[in-house]
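Each chain, written out:
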Amino acid sequence: QVQLVESGGGLVQPGGSLRLSCAASGFTFSHYGMSWYRQAPGKERELVAFITSTGDSTMYTNSVKGRFTISRDNDKNTLYLQMNSLKPEDTAVYYCKVQLRWTTYWGQGTQVTVSS
């Protein structure tokens, strides 16, 4: 079965960095685009970044452009999100997502808290 397992979250000071990972299994990882989403308390879940199956194209929501980098290692079936210059407004639960034909799969999420 499809599994997405995020890791790498934690508490970091403003201006700090974190690297999130999403280990994927149960499907042919290299065939699918992957996404990172986040959900802050009391807010809708929002798309943060997307990467194509080969990794040759990426997109970001405006608020993270220039600070976050999405990448993938198709040999390791792993998706990454490098987050630099973190701000308190980046505090949220971060999820990875894959759309396989008509079904959407989510990981369990990893908490990122940016606070001094």
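In short, a report on the structure. What you see is a predicted model, and the numbers here were worked out from it, not measured in a lab.

1. Examining the environment of Asp 75
With respect to the helices and strands, Asp 75 occurs in the loop between β7 (68-73) and β8 (78-83). It is 8.2 Å that separates the C-alpha atoms of Asp 75 and Ser 30, two residues lying 45 residues apart in sequence.

2. So, the sheet that holds β8
Strand order in the open sheet formed by four strands is β1-β3-β8-β7, and the pairing between neighbours is antiparallel. The sheet terminates laterally at β1 (3-7) and β7, the two strands that pair on one side only. Averaged over all pairs of adjacent strands, the angle between their axes in this sheet comes to 15°, without regard to strand direction. With five bridges connecting them, β1 and strand β3 (residues 18-25) associate as antiparallel partners. In the sheet register, Val 5 faces β3, and the bridge partner there is Ala 23.

3. Thoughts on the environment of Val 12
Relative to the elements of secondary structure, Val 12 occurs in strand β2 (residues 10-12). A C-alpha to C-alpha distance of 6.3 Å links Val 12 and Thr 113, two positions 101 residues apart in sequence. In this structure, Val 12 is in contact with Ser 17, Leu 18, Leu 86, Thr 113, Val 114 and Ser 115, ignoring residues within four places of it in sequence.

4. Some points on the nonpolar core
Core analysis: the largest hydrophobic core is formed by 30 residues, its most contacted members being Phe 27, Trp 36, Leu 79, Leu 81, Met 83 and Tyr 94. Of all elements in the fold, only β3, β4 (34-39), β5 (46-51), β7, β8, β9 (92-100) and β11 (110-114) reach the threshold of two or more residues within this core. For this core, the element with the most residues is β9, which contributes five residues. Beyond its immediate sequence surroundings of up to four residues, Met 83 is in contact with Gly 16, Ser 17, Leu 18, Leu 20, Arg 67, Phe 68, Tyr 94 and Val 112.

5. Focus on the pairing of β4
Counting buried positions over the six residues of β4 gives five, a clear majority of the element. Pairing of β4 with β5, which is carried by five bridges, proceeds in the antiparallel orientation. By the bridge assignment for β5, Met 34 is matched with Ile 51. Hairpin geometry of β4 and β5 is characterised by an intervening segment of six residues between the two adjacent antiparallel strands and by a positive phi of about 75° at Gly 42. Both β4 and β9 contribute to a ladder of five bridges, which runs antiparallel. Looking across to β9, one finds that Arg 38 is bridged to Tyr 94.

Procedures and definitions
Residues numbered from 1 in each chain as written. Predicted model: local features only at pLDDT ≥ 70, side-chain atom pairs only at ≥ 80, totals over all residues. Heavy atoms only, no water. Helix = DSSP H or I, 4+ residues; strand = E, 2+ residues; numbered from the N terminus. Pairing = 2+ DSSP bridges. Axes fitted to C-alpha atoms, helices over the stretch in contact; angles between N-to-C directions. Contact = heavy atoms within 4.5 Å. Core = buried A, V, L, I, M, F, W, Y, C linked by side-chain atoms within 4.5 Å. Buried < 20%, exposed > 50% of the residue type's maximum accessible area, 1.4 Å probe, protein only.

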